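Now for the letters of each chain:
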Amino acid sequence: MSESTLRTTGVTKTAAVSREIEAVPVRRPGRWAASAVMAFLLVFLLQGWAANPRMQWATVGDHLFAPVVLEGLGTTLWLTAAAMAIGILGGVVLAVLRMSDNPLLTRLSWLYIWVFRGTPLLVQLLFWYFLAAVVPHVGLGVPWGPTFVEFDTNRLVTQTSAALLGLGLHEAAYMAEIVRSGITSVDDGQSEASHALGMTRRQTLRRIVLPQALRIIIPPTGNQVISMLKTTSLVSVIAVPELLTSIQAIYSRNFQQIPLLTVACAWYLLAVSVLSIGQYYLERRYGRGSSRDLPPTPLQRVRGSLATRRPAPLEDR
């Protein structure tokens, strides 16, 4: 018998043996027991919470779509968008200044980040709200000279503007570090190549560096947006009519604190869920260059499972 015949026979026997072997998955009774216990506890807690008569679900349903609650929700979403716009723009400027060759600009950027990250947001909100106690008038003119235009600080810094200043300027300090980390993640060779092609530093930053840094910047920025949505509840201390302030105004009259707070939690959870979905698809879009095969989206998984369960045509059977 030749050597090639022996090899062919060995391969055939190996294939036959591999077909006879049936892989049996490892049994994990501990995992199944822990899953059953957790499922039981979850059902028990949900059933007790839903069946509790003191939750007063009728009150929750009556106020879920109340006009004052929806107006407060709109104010919360508007504050989130405006504060994040201020924070992102300020963060980009601060990050660029922090990486500047000018030592004065670098130190000023570091000082800003140190102050606004080192003091609590609640203190900053109260500071801006009571700014008129220290600076009663704000004017434009020549330093130590005549003033051309003067404004009353109480009218200039209202409740809403104090909330925007506190939220936006506080967020800019965090966004500066996020943007700086994204910029430093881009290889220096990219900047050197663009400078060799005749691009200025500003063109290099806008056309080469920032587009590549977005893959690093977007995930933490999405987390900051979700955090900002929930942080807007702090402006209730200066009576800005956002969602929590509207809820507090209602339960201060009917004394139904828990049902009304449940309404607030429901709207916060819905808004956070929508933002999380948007963050997922935005990260997926900008992460296409980092991986050749992206994992399927939930909708693609549902379509794939439905396609596998669909019966095959008669001609294929």
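Before any of the text, the structure's been laid out above.
So, here is what we can say about the structure in this document. (Residues numbered from 1 in each chain as written. Predicted model: local features only at pLDDT ≥ 70, side-chain atom pairs only at ≥ 80, totals over all residues. Heavy atoms only, no water.)

1. With respect to the pairing of strand 2 (residues 147–152)
Here strand 1 (residues 137–141) runs beside strand 2; their pairing, made up of 5 bridges, is antiparallel. Counted as the bridge partner of Leu140 is Val149 from strand 2. The turn linking strand 1 back onto strand 2 is made up of 5 residues, and Trp144 within it adopts a positive phi angle of 55°. (Pairing = 2+ DSSP bridges. Helix = DSSP H or I, 4+ residues; strand = E, 2+ residues; numbered from the N terminus.)

2. Looking at the packing of helix 3 (residues 57–64) against helix 12 (residues 257–286)
One way to put it is that helix 3 packs onto helix 12 with a least axis distance of 9 Å and a crossing angle of 50°. As summarised for this structure, helix 3 and helix 12 are arranged oblique, according to the angle between their axes. Every pair of crossing elements has a handedness; the one defined by helix 3 and helix 12 is right-handed. Counted together, Trp57, Thr59, Val60, His63 and Leu64 of helix 3 and Pro259, Leu260, Thr262, Val263, Ala266 and Trp267 of helix 12 form the full contact between these two elements. (Axes fitted to C-alpha atoms, helices over the stretch in contact; angles between N-to-C directions. Parallel < 35°, antiparallel > 145°, perpendicular 65-115°, else oblique. Left-handed = near helix turned anticlockwise from the far one by under 90°. Contact = heavy atoms within 4.5 Å.)

3. Structural notes on the pattern of salt bridges
By the definition in use, this model includes 2 salt bridges. A salt bridge links Glu177 to Arg98; its shortest N-O distance comes to 2.9 Å. Of this pair, Glu177 sits in helix 8 (residues 159–184) while Arg98 sits in helix 4 (residues 67–98), and the two are 79 residues apart along the sequence. Since its relative accessible area comes to 18%, Glu177 is described here as buried. (Salt bridge = Lys/Arg side-chain N within 4 Å of Asp/Glu carboxyl O. Buried < 20%, exposed > 50% of the residue type's maximum accessible area, 1.4 Å probe, protein only.)

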